[in-house]
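Results of the structural survey
So the chains spell out like this:
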Amino acid sequence: MFVSRVDTAVDDACAKKRSSARRSFLPTRRAAPAQGKAAVANAKLAYKRYGELFSSERWRMLLARGGWPQRLLWGSTGTKNPAYSDVFYVTS
């Protein structure tokens, strides 16, 4: 699961929103809070859902028949934005 790419996309969308809001003189407070937070939030939701799926009764039946879970792999954990710490996603 690519982590930093989510923030790259969200940060770009936030920047576009701020840019268009500046041109129309609208407030831009909504876009800034999402910057640098979407990727970690997305990863946490994915991990929560992973836990739900692999603790279900259906999964226990598959496990009893020899099933193996697919593990989550966090990829692209290096930051693309130079304003973020280079270990931002790893420590989060």
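To start, this report covers the structure provided alongside it. Quantities reported herein were computed from a predicted structural model and do not represent experimental measurements. (Residues numbered from 1 in each chain as written. Predicted model: local features only at pLDDT ≥ 70, side-chain atom pairs only at ≥ 80, totals over all residues. Heavy atoms only, no water.)

Our next topic: the overall build of the chain. Helix and strand counts for the chain stand at 4 helices and 0 strands. Listed N to C, the secondary structure of the chain is α-α-α-α in terms of helices and strands. Here the chain holds 92 residues, and the buried ones make up 21% of them. Across the chain, contacts joining residues at least 24 apart in sequence account for 62% of those joining residues at least 6 apart. Within the structure as shown, the chain displays about 7100 Å² of accessible surface, and the carbon and sulfur contribution to it stands at 60%. (Helix = DSSP H or I, 4+ residues; strand = E, 2+ residues; numbered from the N terminus. Buried < 20%, exposed > 50% of the residue type's maximum accessible area, 1.4 Å probe, protein only. Contact = heavy atoms within 4.5 Å. Areas by Shrake-Rupley, 256 points an atom, 1.4 Å probe, with all protein chains shown as cover.)

With that settled, the discussion passes to the layout of surface pockets. One simple way to see leftover space: roll a probe sized like a water molecule over the atoms. Taken as a whole, the largest pocket holds about 200 Å³ of empty space. Lining the largest pocket are Val3, Val40, Ala43, Lys44, Tyr47, Trp74, Thr77, Tyr89, Val90 and Ser92. Of all elements in the fold, only α2 (38–53) and α4 (88–91) reach the threshold of two or more residues within the lining of the largest pocket. Here the element with the most residues in the lining of the largest pocket is α2; it accounts for 4 residues. Taken together, the residues of the lining of the largest pocket break down into 7 nonpolar, 2 polar and 1 charged. (1 Å grid on protein atoms, 1.4 Å probe; cavity = no way out; pocket = protein on both sides within 12 Å on 5 of 7 lines; lining within 4 Å. Points joined across faces, edges and corners; volume = space filled by probe spheres on them. Nonpolar A, V, L, I, M, F, W, Y, C, P; charged D, E, K, R; others polar.)

We now examine the environment of Cys14. Tracing the chain through its elements places Cys14 in helix α1 (residues 4–24). Distance in space between the C-alpha atoms of Cys14 and Gln35 is 7.0 Å, their sequence separation being 21 residues.

What follows covers the nonpolar core. Within the largest apolar cluster, 5 residues are counted, these being Val3, Ala39, Val40, Tyr84 and Tyr89. Not counting residues within four places of it along the chain, the set of residues in contact with Tyr84 comprises Asp11, Gln35, Gly36, Thr79 and Tyr89. (Core = buried A, V, L, I, M, F, W, Y, C linked by side-chain atoms within 4.5 Å.)

Taken as a whole and judged by the stated rule, the model has 5 aromatic pairs. Look at Tyr50 and Phe54: their rings are 4.8 Å apart centre to centre, the planes differ by 50°, and that puts the pair in the tilted class. Looking at Tyr50, the relative accessible area reads 15%, which means it is buried. Note on Phe54: relative accessible area 28%, which makes it partly exposed. (Phe/Tyr/Trp six-rings, centres within 6.5 Å; stacked < 30°, edge-to-face > 60°.)

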